[in-house]
Structures are given as structure tokens and as C-alpha cells.
Amino acid sequence: MTSPETTSPGPASPKAAAPEITPPENVRRVACVGAGVIGGGWTAHFLARGYDVTAWDPAPGAGQKLRRLVDAAWPTLTSLGLAEGASTDRLTVTETLEQAVFEAEFVQESAPEKLDLKRDLLSRLDAATPPGVVIASSTSGYPMTDMQTTAADPSRLVVGHPFNPPYLIPLVEVVGGEHTDAASVAWAARFYEVAGKSVITMDKEVPGFIANRLQEALWREALHMVAGGEATVRDIDRSITEGPGLRWAVMGPMLTFALAGGEGGMAHMLDHFGPSLKSPWTRLEAPELDRELYDAVVAGCDEAADGRSIAELVAERDKGVIDVLRATGRLGREGEAR
């Protein structure tokens with residue numbers, strides 16, 4: 001591997017020689033801006049798919065941390081199957097944002113979830129990236145309409161929301177803002193497919209998108225149960241991994257419930273179980289995250305970890321997801337190696 005802080009040279013004027021827009025199938029160089037857990041996961045994924053990746057993060061020591069993250073994910077990615085030519089040596093960590101995106105054919109932004117920061121960074125990326133190149137944000141909940149307000153060319157800004165870790169979970173939700181060109185959304189969706197992702201292209205903006213909204217509903221109910229002393233953290237997790245989570249790995253909640261209606265399908269299920277929607281089974285309003293609940297959740301997770309380190313839990317999670325993907329025939333189905 002190259003040294004932790006390898007720097008690629010960049011010209012004084014980043015937009016001096018703007019290339020024609022590269023078709024998604026022909027992209028070779030990707031820029032990852034932001035190198036935390038999500039940005040690092042994206043970096044690992046793109047490297048594993050055979051791309052050249054330039055990365056930038058303003059945090060001190062970010063380059064070394066990023067390379068440690070990539071190295072930690074590489075055994076998992078090797079198990080999944082590397083694209084021809086895939087190598088960690090194809091990662092270049094730059095000193096400036098402009099150097100990272102100067103020759104990029106696609107940009108994945110993964111900065112912290114702060115709206116003002118996202119607005120400013122996307123505006124800077126728009127100014128530094130070759131014209132027409134699509135810039136995607138890994139935001140977990142902000143609509144692109146709210147983030148593209150200060151960019152000179154908002155038409156190429158899209159949301160490309162992954163699920164953690166991006167190098168392992170196939171899902172990406174793609175949606176544009178009010179000022180995003182439909183062609184940019186279509187380009188991004190196709191690029192992610194070529195890059196081996198399972199893509200949902202949303203018709204309209206929804207705060208939190210689809211998967212996070214569903215996940216958040218479950219999370220809020222879990223917090224209520226802990227806060228009320230109704231269930232332990234271990235019980236809550238086991239209720240999913242040993243119950244509906246097994247079905248959800250094969251099909252989602254809608255089809256799962258349709259099967260509960262037997263031969264009558266969803267219609268019979270709604271006729272039979274519809275009245276229970278009025279039962280007080282859920283409390284979607286989030287509970288107050290006071291110190292008592294905070295401590296209970298943290299202590300419960302420590303107990304459930306049973307002495308395993310975060311690194312050990314990550315490795316266990318990754319192996320489990322790979323086993324599920326293999327068992328359900330989904331490895332290699334969503335996109336072929338480049």
C-alpha cells in the first residue's frame with residue numbers, strides 16, 4: 001500500500017479541463033469526500049469494485065484512519081468477491097477537497113449530519129468538480145432540496161443514501177431535490193447499479209427516506225420498552241433476530257403480512273387483523289431520552305455484547321450478513337463485478 005497521506009497533485013484551477021460526462025458503465029475514478037464510518041465504507045466498496053478512489057477528509061489523521069477502516073473491511077469484501085483489478089493500492093488520500101475531485105467522474109459526499117455543513121460542502125464540491133459530474137450525498141435524512149440551496153449548479157446534486165456498512169449492505173436510496181435534473185437522478189441510479197448496489201429510485205422526497213423511517217419506528221418502540229422496563233436490550237434484539245428478522249431477510253413486511261392472510265392474501269389479512277391497528281400496540285412518539293434511559297440502553301448493549309469488542313461484533317455482523325445473502329441467493333445478483 002502507499003503511504004497513509006499520499007497526495008495527488010492538483011492544478012491551480014480545478015475546472016480548467018472539464019471532460020465530457022462519462023457514462024455510468026465507463027466510470028473509473030470516484031471521489032469520496034468525508035472518510036468516517038460511512039465515507040470509509042463507501043471507499044472500501046468502490047475499491048472492491050475496481051475503481052480508482054480519491055478521498056479527502058479535513059480531520060487530523062483522517063487518511064491513516066481511513067486506511068485502517070479499508071484494511072479491516074477488506075477480508076469481508078474478499079469473501080464477497082473482488083472485481084478484477086480491485087486493490088487497496090488504488091486509494092489516494094489528498095490534502096485538499098479540490099485535489100480529490102479534480103478528475104472525479106462521480107463524487108460521494110459523506111460529511112456529518114449538520115445542515116449548514118452539508119450546504120457549504122456541497123456548494124464547494126459543485127465549484128470544484130468538473131461540470132456535469134454527479135455529486136451524491138450520503139445524508140441519512142435531509143432532503144436534497146434543503147441542502148442544494150447555495151450551489152451554483154444544483155441540477156447535478158442528488159441523495160445517494162446507503163445503509164451501514166456501505167461496503168456490505170446492498171441498498172442505496174436515490175432521490176433528487178426540487179432543483180435536481182431528472183437526468184442526474186437517472187445517471188446516479190444507473191451508476192450505483194453498475195457499482196453493485198441494489199437501488200431504489202424514489203419518486204419524491206420524504207424526510208428520512210424509506211428504510212430509515214421504518215427503522216426509526218422500530219427504534220422508537222424499542223426505546224419505549226426499555227424506558228418502561230417492559231423488555232431488556234437483549235430481549236428486544238433477540239425478538240427480531242429470532243423472529244421477524246428471519247422473514248424480512250427474504251421478503252419485506254408487506255408481503256410477509258400478505259402471507260398471514262393465507263390464500264386470501266393481504267385482503268384477508270386486513271379484514272381479519274385491520275381492527276388491531278386501533279389497538280395501543282405502538283407509541284411512535286419518541287420517548288424522552290433522559291439520563292436514565294440513556295444509561296439503560298448503553299448498559300444493555302454492553303451486557304448484550306458479552307465481552308466482545310466492537311471489532312469482533314463488526315466481524316460477526318459481516319459474516320452473518322454474507323451468510324444470509326448467500327443463503328437467499330442474492331450475492332452477485334444485483335450487479336456484476338466490473
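First, a word on what this report is: a plain description of the structure on this page. None of the values given here were measured: they were computed from a predicted structure.

Reading the values: rules and limits
Residues numbered from 1 in each chain as written. Predicted model: local features only at pLDDT ≥ 70, side-chain atom pairs only at ≥ 80, totals over all residues. Heavy atoms only, no water. Salt bridge = Lys/Arg side-chain N within 4 Å of Asp/Glu carboxyl O. Helix = DSSP H or I, 4+ residues; strand = E, 2+ residues; numbered from the N terminus. Buried < 20%, exposed > 50% of the residue type's maximum accessible area, 1.4 Å probe, protein only. Pairing = 2+ DSSP bridges. Right-handed = clockwise from strand over helix to strand, strands pointing away. Axes fitted to C-alpha atoms, helices over the stretch in contact; angles between N-to-C directions. Contact = heavy atoms within 4.5 Å. Parallel < 35°, antiparallel > 145°, perpendicular 65-115°, else oblique. Nonpolar A, V, L, I, M, F, W, Y, C, P; charged D, E, K, R; others polar. Expected span 1.5 Å × (residues − 1). Polar contact = N/O pair within 3.5 Å; in protein donor to acceptor, adjacent residues only side chain to side chain. Left-handed = near helix turned anticlockwise from the far one by under 90°. Patch = residues over 30% accessible without salt bridge, like charges linked within 9 Å, V, L, I, M, F, W, Y side chains within 5 Å. Areas by Shrake-Rupley, 256 points an atom, 1.4 Å probe, with all protein chains shown as cover.

**Focus: the pattern of salt bridges**
When the charged atoms of two side chains lie near each other, side chains of opposite charge can form a pair. Inspection of every chain in the model, using the stated rule, returns 14 salt bridges. Between Asp153 and Arg156 there is a salt bridge; the shortest N-O distance is 3.8 Å. Between Arg220 and Glu216 there is a salt bridge, and its shortest N-O distance comes to 3.0 Å. Remark: Glu216 and Arg220 occur in helix H7 (residues 211-227); sequence separation between them is 4 residues, near one turn of the helix. Judged by its relative accessible area of 28%, Arg220 is partly exposed. Residues joined by salt bridges that share partners form a network here, namely Glu25, Arg190 and Glu193.

**Here we look at the pairing of strand E2 (residues 52-56)**
E2 sits mainly inside the fold: 4 of its 5 residues count as buried. Sheet topology places strand E1 (residues 29-33) next to E2; 5 bridges connect them, and they run parallel. Directly across from Val30, in E2, lies its bridge partner Val53. A crossover connection joins E1 to the parallel E2 through helix H1 (residues 37-48); in handedness this β-α-β unit is right-handed. Two elements, E2 and strand E3 (residues 91-93), share 3 bridges in a ladder whose sense is parallel. By the bridge assignment, Val53 is partnered in E3 with Leu91.

**Side note on the sheet that holds strand E7 (residues 171-176)**
Backbone hydrogen bonds are what pair the strands of a sheet, in a parallel or an antiparallel way. If you walk across this open sheet you meet the 8 strands as E3-E2-E1-E4-E5-E6-E7-E8, and the pairing is mixed. Both outer strands of the open sheet, E3 and strand E8 (198-201), are each paired with one neighbouring strand and no more. Strand after strand, the sheet turns through a mean of 25 degrees between neighbouring axes, direction not considered. Most of the contacts of H1 go to E1, to which it runs at about 165 degrees, and overall it touches E1, E2, E3, strand E4 (106-109), strand E6 (157-162) and E7. Against the sheet, helix H2 (residues 62-80) contacts E2 and E3, and its axis sits at roughly 160 degrees relative to E3.

**Points about the packing of H7 against helix H12 (residues 291-305)**
Put simply, H7 and H12 touch, their axes get as near as 10 Å, and they point 100 degrees apart. Overall, the two elements H7 and H12 adopt an arrangement that is roughly perpendicular. Two secondary-structure elements touch here, H7 through Trp219, Leu223, Val226 and Ala227 and H12 through Leu293, Ala296 and Val297. A breakdown of the residues in the contact of H7 with H12 according to their chemical character gives 7 nonpolar, no polar and no charged.

**A few points about unusual backbone geometry**
Here Asn164 and Pro165 are connected by a cis peptide whose omega angle stands at -5 degrees. For Pro165, the location among the structural elements is in the loop between E6 and E7. The phi dihedral of Phe209 falls on the positive side, at around 60 degrees, and the residue is not glycine. Mapping Phe209 onto the fold places it in the loop between E8 and H7. Positive phi, close to 55 degrees, is recorded for Asp306, a residue that is not glycine. Turning to its location among the elements, Asp306 is positioned in the loop between H12 and helix H13 (310-327).

**As for helix H6 (residues 182-194)**
Helix length check: H6 (13 residues) gives 19 Å between terminal C-alpha atoms against 18 Å at 1.5 Å per residue, within 8%. All buried positions along H6 are accounted for by Ser184, Val185, Trp187, Ala188, Ala189, Phe191, Tyr192 and Val194. Backbone nitrogen of Ala183 and a side-chain oxygen of the N-cap are separated by 2.8 Å at the start of H6; the cap is Asp181. Following H6 by one or two positions, Gly196 adopts a phi angle in the positive range, close to 90 degrees.

**Focus on the packing of H1 against H2**
Remark: H1 packs on H2, axes separated minimally by 9 Å, with the N-to-C direction vectors making an angle of 50 degrees. Considered as vectors, H1 and H2 are oriented oblique to each other. Here H1 and H2 pass one another in a crossing that is right-handed. Along the contact surface, H1 presents Val37, Gly40, Gly41, Thr43, Ala44, Leu47 and Ala48, while H2 presents Leu66, Leu69, Val70, Ala73, Trp74 and Leu77. In terms of residue class, the contact of H1 with H2 is built from 10 nonpolar, 3 polar and no charged.

**Describing a nonpolar patch on the surface**
The grouping of Ile200, Ile210 and Leu214 at the surface amounts to a nonpolar patch, some 250 Å² of accessible area in total. Within the secondary structure, Ile210 sits in the loop between E8 and H7. Overall, Ile210 belongs to the partly exposed group, its relative accessible area being 37%.

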